[in-house]
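# Inside the fold
Listed below are the residues making up each chain.
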Amino acid sequence: MFDTILVPTDGSPGSERAFEVAATLASTHDATVHVLSVVDDHGPTDDDWDYDGDSPAAAFIESQADHVDTDGLSLTPVVREGVVHDEVLDYADDADIDLIVMGTHGRTGVRRFLLGSVTEKVVRLAEVPVLSVKADAEPGTVSFDDILLPTDGSSGAAAAIEPAGALASETGATVHLVSVVDTRSLGIDVGSTVIVDELESVATDAVETASDRLSEMGVETIETAISHGIPYRAILAAIDEADADLVVVGTHGRTGIDRYLLGSVAEKLVRTSPVPVMTVRAPEAGDGR
């Protein structure tokens, strides 16, 4: 599924961690990695960015050879000029990219992404999956042995099943399916109990449907769970419980200022998850740029 992988770079630690992940996936899927450096129309995006020669993308690839095994990889350096997120999205279209891997800022909470709002915009607008990797992720061997797949049964969540299944079936990873029953607004009474039962039934159907599809795709090990509480916090807890290496989550199909699927869950996961997060945009989305 991932034959062409795009890594936008500004020479930062986030870019380095993203390149490590992209190289690992490229080795697994025999993919070509496109390394894109964008010269911003409005000036440099990172004061630490420094290189010699005509191609910052080529210099970045060379700089990674000391700690990333690039032997046998197909690597394509690219330089473009323009608005960074627009160029990333346009190049993804032009080169028929299957997956974008980007670094995010290492800090969490309300802190902004590395590269300003570039990663955030790409996550919201890209038509292909975007894998976000923390800048402060531990360098070294990357593996995706345990994949957490949250689902609420919606079309957006369903879009995340295919890439999660493709990765798991290729690597033999375990997929941990979780559906969160959000009970924050419910009081403690008989009526609320009935509603909780209904929500739990919907959650059960969601994980069973996703599990059936993953089995059809050849995923051999699938674990399911129903959780209660605030969705993104419950998912963060599930990451820890499953010792997950990766979270794959669907985002809302609409673009622009519209929110993510499950409210702001995907957004908060990208910002706070201790492991990489792959966001998958629902197919009905249009171009909100």
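Nothing here was measured: the structure is a model prediction, and the numbers come from that model.

About the thresholds
- Residues numbered from 1 in each chain as written.
- Predicted model: local features only at pLDDT ≥ 70, side-chain atom pairs only at ≥ 80, totals over all residues.
- Heavy atoms only, no water.
- Helix = DSSP H or I, 4+ residues; strand = E, 2+ residues; numbered from the N terminus.
- Contact = heavy atoms within 4.5 Å.
- Areas by Shrake-Rupley, 256 points an atom, 1.4 Å probe, with all protein chains shown as cover.
- Buried < 20%, exposed > 50% of the residue type's maximum accessible area, 1.4 Å probe, protein only.
- Pairing = 2+ DSSP bridges.
- Axes fitted to C-alpha atoms, helices over the stretch in contact; angles between N-to-C directions.
- Left-handed = near helix turned anticlockwise from the far one by under 90°.
- Nonpolar A, V, L, I, M, F, W, Y, C, P; charged D, E, K, R; others polar.
- pLDDT = per-residue confidence, 0-100.
- Patch = residues over 30% accessible without salt bridge, like charges linked within 9 Å, V, L, I, M, F, W, Y side chains within 5 Å.
- Salt bridge = Lys/Arg side-chain N within 4 Å of Asp/Glu carboxyl O.
- Lys, Arg positive; Asp, Glu negative; His and termini not counted.
- Charge placed at Lys NZ, Arg CZ, Asp CG, Glu CD.
- Core = buried A, V, L, I, M, F, W, Y, C linked by side-chain atoms within 4.5 Å.
- Phe/Tyr/Trp six-rings, centres within 6.5 Å; stacked < 30°, edge-to-face > 60°.
- Polar contact = N/O pair within 3.5 Å; in protein donor to acceptor, adjacent residues only side chain to side chain.

It is worth spelling out the overall build of the protein chain at this point. Looking only at helices and strands, the protein chain features nine helices and 10 strands. Across the protein chain, contacts joining residues at least 24 apart in sequence account for 80% of those joining residues at least 6 apart. Total accessible area on the protein chain stands at roughly 13,200 Å², and carbon and sulfur atoms take up 45% of it.

For a regular strand, side-chain orientation follows a simple rule: the groups alternate between the two sheet faces. Judged by how many residues are buried, strand 1 (residues 4–8) sits mostly within the fold: five of five residues are covered. Because side chains alternate across strand 1, one face comprises the buried residues Thr4, Leu6 and Pro8, and the other comprises Ile5 and Val7, equally buried. Relative to strand 4 (residues 99–104), strand 1 runs parallel, the two sharing two bridges. In the strand pairing of strand 4, Ile5 is matched with Leu99.

A separate point is the packing of helix 3 (residues 84–94) against helix 4 (residues 118–125). Their axes nearest at 9 Å, the elements helix 3 and helix 4 cross at an angle of 35°. Considering only the axes of helix 3 and helix 4, their crossing is right-handed. On the side of helix 3, the interface is formed by Val84, His85, Val88 and Leu89, while helix 4 contributes Val118, Lys121, Val122 and Leu125. Looking at side-chain class alone, the contact of helix 3 with helix 4 contains six nonpolar, one polar and one charged residues.

If pLDDT is low for a region, its predicted coordinates should not be looked at in detail. Averaged over the protein chain, the pLDDT score is 82; the fraction of residues at 70 or greater is 81%. The spread of mean pLDDT over the elements of the protein chain runs between helix 4, the lowest at 83, and strand 6 (residues 146–150), the highest at 97. With pLDDT under 50 throughout, residues 106–116 is counted as low confidence; its partners more than four residues away or in other chains account for 32 contacts. Within the model, pLDDT remains below 50 along residues 253–263, and this stretch shows 37 contacts once partners closer than five positions in the same chain are excluded.

This paragraph deals with a negative patch on the surface. Where like charges cluster on the molecular surface, the negative patch consists of Asp3, Asp30, Asp93, Asp96 and Glu127. Tracing the sequence through the fold places Asp96 in the loop between helix 3 and strand 4. Under the relative-accessibility criterion, Asp96 is labelled exposed at 58%.

Before going further, it helps to examine the nonpolar core. Judged by nonpolar contacts, the single largest core of 43 residues is most densely connected at Val101, Leu131, Leu149 and Val248. In terms of residue count, the dominant contributor to this core is helix 1 (residues 13–29) (seven residues). The contact partners of Val248, leaving out residues within four places of it in the chain, are Ile147, Leu148, Leu149, Pro150, Ala160, Pro163, Ala164, Met278 and Val280.

Our focus in this paragraph is unusual backbone geometry. One non-glycine residue, Asp96, lies in positive phi territory at about 55°. For Asp243, which is not glycine, the phi torsion reads 50° and is therefore positive. Look at Asp243 and you get exposed, because its relative accessible area is 58%.

This part is about the pattern of salt bridges. Enumeration according to the criterion identifies seven salt bridges in this entry. Residue Arg17 pairs with Glu20 through a salt bridge whose shortest N-O separation is 3.2 Å. Placement of both Arg17 and Glu20 in helix 1 is noted, with a separation of three residues, approximately one turn of the helix. Among the charged side chains, a network of salt bridges with common partners joins Glu16, Arg17 and Glu20.

Moving on to the packing of aromatic side chains. Evaluated as defined, the whole model comprises one aromatic pair. Here the aromatic rings of Phe19 and Phe60 are separated by 5.7 Å at their centres, their planes lie at 85°, and the arrangement is edge-to-face. With Phe19 in helix 1 and Phe60 in helix 2 (residues 56–64), the pair connects residues that are 41 residues apart, well separated along the chain. Classification of Phe60 by relative accessible area gives buried; the value is 3%.

Turning our eyes to something else, we now look at the environment of Glu162. Among the structural elements, Glu162 can be located in helix 6 (residues 161–171). We classify Glu162 as partly exposed; its relative accessible area is 29%. Measuring from C-alpha to C-alpha, the distance between Glu162 and Arg213 comes to 8.4 Å, with 51 residues separating the pair along the chain. Sequence-distant contacts of Glu162, that is, excluding residues within four places in its chain, are made with Met1, Arg213 and Met217. Of the polar contacts made by the side chain of Glu162, one reaches the side chain of Arg213; its length is 2.8 Å.

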